[in-house]
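Okay, here's what each chain looks like letter by letter:
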Amino acid sequence: MTDEPLVLGIETSCDETGVGIVRGTTLLADALASSVDLHARFGGVVPEVASRAHLEAMVPTMQRALDEAGVTLADVDAIAVTSGPGLAGALLVGVAAAKGYAVAAEKPVYGVNHLAAHVAVDTLEHGPLPEPAIALLVSGGHSSLLLVDDLAGGVTPLGSTIDDAAGEAFDKVARLLGMPFPGGPPIDRAARDGQATIAFPRGLTAAKDQAAHRFDFSFSGLKTAVARWVEARERAGEPVPVNDVAASFQDAVCDVLTAKAIDACRQHGVDTLVIGGGVAANSRLRALAEERAAKVGITVRVPRPKLCTDNGAMVAALGSHLVAAGVRPSRLDLPADSAMPLTLVSV
Amino acid sequence: MLVLVLDTSTPAVTAAVADVTPTGHAVVAELRAVDGRAHGELMAPEIDEVLRKAGASVRDLRAIVAGTGPGPFTGLRVGLVTAASMGQALGIPAHGVCSLDAIGGVPGQVTLVATDARRREVYWALYDQAGARVEGPHVDLPEAAVERAAGATVAVGDGAMKYADRLGLEVRDEPRYPRVDAFVRLAAERVRAGAPSEPLTPLYLRRPDAVAAGGHKPVLR
Ligand SMILES: Nc1ncnc2c1ncn2[C@@H]1O[C@H](COP(=O)(O)OP(=O)(O)O)[C@@H](O)[C@H]1O
Ligand SMILES: [Mg+2]
């Protein structure tokens, strides 16, 4: 066991400062500081507020992770850090910190892709990922379907959202329904007490969209449809059945996500579907994916909710995979790349 | 005692190794690249190289001295988080020094020190004839800075140079950026005393542009 690499991961791409430590695929520590409360009144993440919070949280979060794992920086074999995609100023705090730790502790540093890390985190819960696999990544900033041939080197984007991300749709609809930010958890809860009785649109699922957008998503029409429906009710002076709206909206999102993910598995002859990103915490998405996949012999892997949202453990998990695969580390002039493409797993 | 000096409060990305002795201090090696948009890329390789130039290893360092600004936020944070993370990893104290103090006053003159704050403003402070800071740091339009900097007879710093024609003061070319020697001098007592690490709080001086929701894209990416 102890000859497996001990890898530390740093995540600062959005509003969570995360430091995780893994040995091989065993999670040893997952320390997190969030600035989410500071952004709540703005209804979305304010980049400069997030960056300031990362600077303040970096050292204490690192200390908590080291204490939790019972290791020191000298014990670590490599340091991985999210170098993109994400908010430029926020990423830069983590990247500069990672390099500071790497230079001081004389360790290699790996700049890694945040989205690939959302896939890699599943190895901490379910062991090595069978390759090829299909990954569905759904968060506040992204909604993508990927073909994962080789998590250390090759990820092929199959499709992504052409407008809002799935989590963004949850956040916007939640605001419309007077729920707090982030909107995913309150919608998930409200939907449990509601019925999916309203037929909201399923973006890019029509026959005419199959040629150009078979594996792409669109959620902005759905968000608008929910807004119109709620407005019409309010104008008519009728009460808005919040729980039913939440359930119907959630069903529309999960229906499209799971149908396209399974379609991608079948087209590529892949029997493993891994779901990651904050929206993977959604209870309906998990249940529907399981139900539909089971029917066609596909195995669904979804990490536990705490590992689905942004954290340092996912970065450490990808770093550990890269070290084990013999991938070379990044150079010390490693930049933060807010638009890092999915085809780059590390730089 | 070897110390590492880091400052990213201006377009000059500075890394240096200095020796603090019981009675004095000397700069052993110093590197400075000027690029206001690449602090994140330049900082770590510069540290690596300046240690090599000084013939030292990170393990020889006994303290870190960092410029706390004021300076443009994104770049400023690079130096501070690097200093804090290195201090933590090495188990050595990190000390902060106001970066304008490391430009400092012209001896014998009341000096306005001003650096470029972008958005047509300057970060500034006023120093008396003995070199003590008597006003600031603040952020203002150049004209407002001069008006508030009562008694200044000379101005220095890249902000003073940029707005030289609007200050109505003699502007000198040097020092243009914070000086390593001054950082070491200003932190030397703390280094010698083995003072504990301080939180390296950036002198932002401006509130974040908080783009409130409503009409804007709520999740800014
Ligand atoms: N139970 C849930 N159901 C649906 N969406 C959720 C749930 N929990 C979290 N989310 C959404 O996940 C998003 C956050 O995802 P995360 O991966 O942490 O961050 P980022 O979007 O910054 O990558 C938010 O948009 C949030 O609303
Ligand atoms: Mg994410």
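Residues numbered from 1 in each chain as written. Chains lettered and ligands numbered in written order. Predicted model: local features only at pLDDT ≥ 70, side-chain atom pairs only at ≥ 80, totals over all residues.

With an unreviewed UniProt entry as reference, chain A is termed tRNA N6-adenosine threonylcarbamoyltransferase, source organism Asanoa siamensis. Reading the Sequence similarities (unreviewed entry) entry of the UniProt record for chain A gives the comment "Belongs to the KAE1 / TsaD family." (UniProt positions renumbered as here; feature names shortened; annotations may be inferred.)

(A) Geometry of the overall build of chain B. Helix and strand content of chain B: five helices and ten strands. Based on the C-alpha atoms only, the size of chain B along its principal axes is roughly 55 × 45 × 30 Å. Scored against the burial criterion, the 221 residues of chain B give a buried share of 52%. By sequence separation, contacts in chain B at least 24 residues apart represent 62% of the contacts at least 6 residues apart. (Helix = DSSP H or I, 4+ residues; strand = E, 2+ residues; numbered from the N terminus. Buried ≥ 20, exposed ≤ 12 C-beta atoms within 10 Å, placed from the backbone. Contact = placed C-beta atoms within 7 Å.)

(B) Structural view of the overall build of chain A. Along its length, chain A carries 13 helices and ten strands. Over its C-alpha atoms chain A spans a radius of gyration of 20 Å, differing by no more than 12% from the 20 Å that the globule rule assigns to 347 residues. Counting every position in chain A, which comprises 347 residues, the buried fraction comes to 59%. For chain A, contacts bridging at least 24 residues in sequence account for 76% of all contacts bridging at least 6. (Rg over C-alpha atoms; globule rule 2.2 N^0.38 Å.)

(C) The sheet that holds strand β9 (residues 272-276) of chain A, seen in detail. All names here are of chain A. One open sheet accounts for five strands, arranged β8-β7-β6-β9-β10; its pairing is mixed. Edge positions in the sheet fall to β8 (154-160) and β10 (299-301), since each has one partner strand and no second. Neighbour-to-neighbour, the strand axes of the sheet open up by a mean angle of 25°, direction not taken into account. Sheet topology note: the strand β6 (residues 133-138)/β9 ladder contains four bridges and is parallel. Bridge pairing links Ile-134 to Leu-273 in β9. Strands in contact with helix α10 (residues 242-267) are β6, β7 (143-150), β8 and β9; relative to β6, the strand with the most contacts, it is inclined by about 160°. (Pairing = 2+ DSSP bridges. Axes fitted to C-alpha atoms, helices over the stretch in contact; angles between N-to-C directions.)

(D) Broad picture of the nonpolar core. Of all hydrophobic cores here, the largest spans 189 residues; its most connected members are B:Val3, B:Ile64 and B:Leu112. Not counting residues up to four positions away in its chain, the partners in contact with B:Leu112 are B:Trp124, B:Leu126, B:Ala145, B:Val146, B:Ala149, B:Ala152, B:Ala155, B:Ala160 and B:Leu169. (Core = buried A, V, L, I, M, F, W, Y, C linked by C-beta atoms within 7 Å.)

(E) Seen up close, the sheet that holds strand β8 (residues 133-140) of chain B. All names here are of chain B. Strand order in the open sheet formed by five strands is β8-β7-β6-β9-β10, and the pairing between neighbours is mixed. What marks the edges here is a single partner per strand, and that holds for β8 and β10 (170-171). Bridge count between strand β9 (residues 154-156) and β10: two bridges; the pairing is parallel. Bridging from a neighbouring strand, Val-154 pairs with Glu-170 of β10.

(F) Spotlight on the interface of chain B and chain A. Each side of the interface is counted separately: chain B has 31 residues, and chain A has 39 residues. When contributions to the side of chain B that touches chain A are tallied by element, the ones reaching two or more residues are α1 (39-54) and α2 (73-90) of chain B. Counting residues per element, the side of chain B that touches chain A draws most heavily on α2(B), which supplies 13 residues. Grouping the constituent residues of the side of chain B that touches chain A by class yields 21 nonpolar, five polar and five charged. (Nonpolar A, V, L, I, M, F, W, Y, C, P; charged D, E, K, R; others polar.)

(G) Representation of the UniProt feature "binding site: Fe cation" (unreviewed entry) in chain A within the structure. Residues and elements named next belong to chain A. Per the UniProt entry, the sites bearing "binding site: Fe cation" (unreviewed entry) are His-114, His-118 and Asp-310 in this numbering. These residues run over 197 residues, yet every pair of their C-alpha atoms falls within 8.8 Å of each other. Structurally, His-118 can be placed in helix α4 (residues 114-120). If we skip the residues at most four places from it in the chain, His-118 touches Leu-137, Gly-276, Gly-277 and Met-314. You can see Asp-310 is positioned in the loop between α12 (305-308) and α13 (312-324). We classify Asp-310 as buried; it has 27 C-beta atoms within 10 Å. The contact partners of Asp-310, leaving out residues within four places of it in the chain, are Glu-11, Ser-13, Cys-14, Glu-16 and Gly-18.

(H) Main features of the site of ligand 1. Residue and element names in this part refer to chain A. Neighbouring ligand 1 are 19 residues, the closest being Gly-140, Gly-167, Gly-184, Gly-278 and Asn-282. The set of elements that each furnish at least two residues to the shell around ligand 1 consists of α6 (166-176) and α7 (184-192). Considered class by class, the residues forming the shell around ligand 1 number six nonpolar, ten polar and three charged. (Near = placed C-beta within 6 Å.)

(I) Broad picture of the packing of helix α2 (residues 47-69) of chain A against α2(B). Interaxial distance between α2(A) and α2(B) falls to 10 Å at its minimum, and their mutual angle equals 5°. Comparing their axes, α2(B) and α2(A) come out roughly parallel. Every residue of α2(B) that contacts α2(A) at A:Glu48, A:Ser51, A:Leu55, A:Met58, A:Val59 and A:Met62 is listed here: B:Phe73, B:Arg77, B:Leu80, B:Val81, B:Ala84, B:Ser85 and B:Gln88. Grouping the amino acids of the contact of α2(A) with α2(B) by side-chain chemistry returns eight nonpolar, three polar and two charged. (Parallel < 35°, antiparallel > 145°, perpendicular 65-115°, else oblique.)

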